[in-house]
Amino acid sequence: MPRKRFYRQRAHANPFSDHTLEYPESPQSMNWSSFYPAYVAGGAPEDSTKITKLSKDVEVVDIGCGFGGLLVALATLLPETLMLGLEIRTSVTQFVQERIWALREQSGGNLYQNAACIRANTMKFLPNFFKKAQLSKIFICFPDPHFKARKHKARIVSTTLNSEYAYALRPGGIVYTITDVEALHLWMVQHLDAHPSFVRVSNEEVEKDECVNVMQNETEEGKKVTRNKGQKFVALFRRVEDPPWE
């Protein structure tokens, strides 16, 4: 297994910087075969540049996946669902990729085939990876609070970005949010509540959702908050049906 101390990097990256990222022109031109070889008919193609369709689409996305704790836990909780971590930091992305490869090998290739991680800037290129109504779950776990008012434009939940999440989420899909910063929690609730494509999920339903327990207790930041006896603020929002055209 890879060790975190060899993959250290700054806690956050500037999403507005030019990170020399690679991204597809459209979801149809994205080649997923090397990330999910077990879901390619006949195995991964010899020509890695050839676009080969998978037997199913990616459905779950962890935005800013960090060191992959949520991905690894969800991979066994939802073994038939393809999930993807999006991480902007180079070294952290490499750690998660190698962690998943090692877990696949340890399980004899039977587990973790449904999880993968890529380096990407969600604020700029989310629609390049996912077609309309493709996703069933989007996780936003302990994002950068960007405390200063002039930095609020860099927050991962905003009026504009919420519209992109609504585009990628299918009706009934859910945006999961968690943070230990109450001011950021209130910001995310305010902006998602105000968006016409989302409605907040009731507390009773939140408590019954197995993914919430994983989000609270299996992410690296979640464990850190628990150790420090801090608070965790959770809010879920469901994608509603679009109104009919008049």
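Residues numbered from 1 in each chain as written. Predicted model: local features only at pLDDT ≥ 70, side-chain atom pairs only at ≥ 80, totals over all residues. Heavy atoms only, no water.

> Which residues make up unusual backbone geometry, and what values go with them?
Within the chain, A133 stands out as a residue other than glycine whose phi angle is a positive 60°. A133 sits in the partly exposed class, given a relative accessible area of 31%. (Buried < 20%, exposed > 50% of the residue type's maximum accessible area, 1.4 Å probe, protein only.)

> How would you summarise helix α1 (residues 69-77) if you had to cite specific residues and measurements?
Among the nine residues that make up α1, seven are buried, leaving the element largely enclosed by the rest of the structure. Residues G69, L70, L71, V72, A73, L74 and A75 constitute the buried set of α1. (Helix = DSSP H or I, 4+ residues; strand = E, 2+ residues; numbered from the N terminus.)

> Outline the sheet that holds strand β6 (residues 198-200), listing residues and values.
Paired through backbone hydrogen bonds, the strands of a sheet run either parallel or antiparallel to each other. Reading across from one edge, β3-β2-β1-β4-β5-β7-β6 is the order of the seven strands in this open sheet, with mixed pairing throughout. Lying at the two open borders of the sheet, with one neighbouring strand each, are β3 (115-119) and β6. Neighbouring strand axes in the sheet, compared pairwise and without regard to direction, differ in orientation by 20° on average. Sheet topology places strand β2 (residues 82-87) next to β3; five bridges connect them, and they run parallel. Within β3, the residue paired with M83 across the bridge is A115. On top of the sheet, α1 reaches β1 (58-63), β2, β3 and β4 (135-141); it is set at about 180° to β2, its chief contact. (Pairing = 2+ DSSP bridges. Axes fitted to C-alpha atoms, helices over the stretch in contact; angles between N-to-C directions. Contact = heavy atoms within 4.5 Å.)

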